[in-house]
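Spelled out, the chains give:
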Amino acid sequence: FQLYGYCYQDSNDIPDTLTTITELGSPLEMIQLLQTSWEDRFRICLSLVRLLHYLAHSPLGSVTLLDFRPRQFVIVDGELKVTDLDDASIEESSCTSNSDCFMEFPARNFTLPCSVEGRCQSMNEKRNLYNAYRFFFTYLLPHSAPSSLRPLLDKIVNATGNCNKHGNDKYFLFLVLSPSVNSEFTQKCAKSANTKYRRVPEASIPDENYRCWPSYHHKGCLLSVFDVNEAIEICDSYSQCKAFVLTNQTTWTGRQLVFFKMASNHIMPDPDKITYVKVTD
């Protein structure tokens, strides 16, 4: 979380008080997140991966969030950030045997090795990892994911659910690289469309919207595509789609945003857009 300033106050009325000024974030609502595009949910998971890595290798040592739940996080510009650090701890549990290193969760339990120094090995890191799995990854990653990435995403979710640290090091690397994998797959495997489209440069269709899911626009069908071929394939898959408009906007992974339209009766000049109209016999 970005810290902009702080003030330490020690008085008779309010002793030992620290006031912080941080960036403004939006409360995390899981139901709303499930209604967003997979690309946006992937971005949130990616920011969570970065946070997990930082907590495991912070300057203070391995940090665990004892209250690791969605309400402790906010969304800032599409990124997930932790906002409540009251329950953060750098203490690794002490032990005399492996049975002392018992982690209990509602769905399953884990027993970790006790080190020769009398500390439960990687307990802070694994507690964060499993909580990330049960509160975030299991909901946000597989749901409506691109079919080309589902085998890899299944491995990632299973590895986090098993608290497999070494497996996650490898799988998280693939998670970071997967946007380029997705784009490469789309580029190579997009089907050639049978339907013909007429290209209208510097033009747009302001109205004629219909709703689709998922969409970046709540009153229209605004989706991200790799190129025109993918846009054509999407338009062909919707019976109500008769045209689409390429915008000059892109998502955080570089995919282009496209409005899909149910008619092309009112095409208007727009220097920043290109319209493709389905040609009918």
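Whatever comes next refers back to the structure up there.
Please read these numbers as outputs of a predicted model, since none were measured by experiment.

**Student:** How should I be thinking about the overall build of the chain in this particular structure?
**Tutor:** Scanning the chain for helices and strands turns up six helices and 14 strands. When each of the 281 residues of the chain is scored for burial, the buried share is 42%. Summarising the internal contacts of the chain: among those between residues at least 6 apart in sequence, 62% fall at separations of at least 24. Split by element, the accessible area of the chain, about 16,100 Å² in all, is 51% carbon and sulfur.

**Student:** So what exactly am I meant to see when it comes to the state of the cysteines here?
**Tutor:** Disulfides are covalent bonds that connect the sulfur atoms of two cysteines. Under the defined criterion, the tally for this structure stands at four disulfides. The disulfide partner of C95 is C114, and the S-S distance across this bridge is 2.1 Å. Its S-S torsion of about 95° marks the bond between C95 and C114 as right-handed, since a negative value means left-handed. Residue C95 is found in the loop between strand 7 (88-89) and strand 8 (102-104), and its partner C114 is found in the loop between strand 9 (109-111) and helix 3 (123-140); the two are separated by 19 residues along the sequence. Here C95 and C114 have matching classes, each one buried. The disulfide pattern of the chain is 1-3, 2-4, 5-6, 7-8 when the bonded cysteines are numbered in sequence order.

**Student:** It is not clear to me how empty space enclosed by the protein should be interpreted in this structure. Could you clarify?
**Tutor:** The probe, sized like a water molecule, is rolled over the atoms to show the empty space still left. The full count for this structure, using the stated rule, is one cavity of 30 Å³ or more. In this structure, the largest cavity encloses a volume near 60 Å³. As for the largest cavity, its lining consists of L65, L66, D67, F68, R69, Q72, F73, V82, D84, D86, D87 and A88. Considered class by class, the residues forming the lining of the largest cavity number six nonpolar, one polar and five charged.

**Student:** How should the pairing of strand 13 (residues 256-261) be read in this particular structure?
**Tutor:** Counting buried positions along strand 13 gives five out of six residues, so the element sits mostly inside the fold. In terms of strand pairing, strand 11 (residues 221-225) meets strand 13 through five bridges, oriented antiparallel. Counterpart to S224 in the pairing with strand 13 is L257. The sheet contact formed by strand 12 (residues 243-250) and strand 13 spans five bridges and is antiparallel.

**Student:** What exactly am I supposed to notice about a nonpolar patch on the surface here?
**Tutor:** Nonpolar side chains collect at one region of the surface, where L3, Y6, Y8 and L18 lie side by side and expose about 490 Å² of accessible area between them. Per-element accounting of the nonpolar patch gives the leading share, three residues, to strand 1 (residues 3-9). Among the secondary structure elements, L3 is positioned in strand 1. A residue is classified by how much of its surface remains accessible, and L3, at 43% relative accessible area, is partly exposed.

**Student:** Is there a simple way to explain the nonpolar core in this structure?
**Tutor:** Side chains that are nonpolar tend, in soluble globular proteins, to be buried together. L48, F73 and F136 are the most contacted members of the largest nonpolar core, which has 32 residues in total. If you tally residues by element for this core, the top one is helix 2 (residues 38-56), at ten residues. Not counting residues up to four positions away in its chain, the partners in contact with F136 are L28, M30, L48, F68, P70, F73, L80, N131 and L141.

**Student:** Hey, could you run me through helix 3 in this one?
**Tutor:** A turn of α-helix holds 3.6 residues, and therefore any two residues three or four places apart point the same way. Compared with an ideal rise of 1.5 Å per residue, which puts 18 residues at 26 Å, helix 3 spans 24 Å between its outermost C-alpha atoms and is within 8% of the ideal. The largest bend in helix 3 comes to about 50°, at Y133. Within helix 3, 14 of the 18 residues are buried, which leaves it mostly tucked inside the rest of the structure.

**Student:** Looking at this structure, how should I read helix 4 (residues 150-161)?
**Tutor:** Taking 1.5 Å of rise per residue, twelve residues should cover 16 Å, and helix 4 covers 16 Å from first to last C-alpha, within 8% of that figure. What helix 4 keeps buried is the set L153, I156, V157, A159, T160 and G161. After helix 4 finishes, the residue C163 shows a positive phi value of roughly 55°.

**Student:** What exactly am I supposed to notice about the packing of aromatic side chains here?
**Tutor:** In this description, a pair of aromatic rings is defined by centroid distance and the angle of the planes. For the coordinates displayed, the defined rule picks out 13 aromatic pairs. Here the aromatic rings of F244 and Y276 are separated by 5.1 Å at their centres, their planes lie at 10°, and the arrangement is stacked. Linking F244 in strand 12 with Y276 in strand 14 (residues 268-278), this pair joins segments that are 32 residues apart in sequence. Comparing F244 with Y276 shows no difference in burial state: the two are buried. Here the aromatic cluster, defined as three or more aromatic residues joined through ring pairs, consists of F105, F110, Y130 and Y133.

Quick notes on the rules
- Residues numbered from 1 in each chain as written.
- Predicted model: local features only at pLDDT ≥ 70, side-chain atom pairs only at ≥ 80, totals over all residues.
- Heavy atoms only, no water.
- Helix = DSSP H or I, 4+ residues; strand = E, 2+ residues; numbered from the N terminus.
- Buried < 20%, exposed > 50% of the residue type's maximum accessible area, 1.4 Å probe, protein only.
- Contact = heavy atoms within 4.5 Å.
- Areas by Shrake-Rupley, 256 points an atom, 1.4 Å probe, with all protein chains shown as cover.
- Disulfide = S-S within 2.5 Å.
- 1 Å grid on protein atoms, 1.4 Å probe; cavity = no way out; pocket = protein on both sides within 12 Å on 5 of 7 lines; lining within 4 Å.
- Points joined across faces, edges and corners; volume = space filled by probe spheres on them.
- Nonpolar A, V, L, I, M, F, W, Y, C, P; charged D, E, K, R; others polar.
- Pairing = 2+ DSSP bridges.
- Patch = residues over 30% accessible without salt bridge, like charges linked within 9 Å, V, L, I, M, F, W, Y side chains within 5 Å.
- Salt bridge = Lys/Arg side-chain N within 4 Å of Asp/Glu carboxyl O.
- Core = buried A, V, L, I, M, F, W, Y, C linked by side-chain atoms within 4.5 Å.
- Expected span 1.5 Å × (residues − 1).
- Bend = angle between axes of the 7 residues up to and from the residue.
- Phe/Tyr/Trp six-rings, centres within 6.5 Å; stacked < 30°, edge-to-face > 60°.

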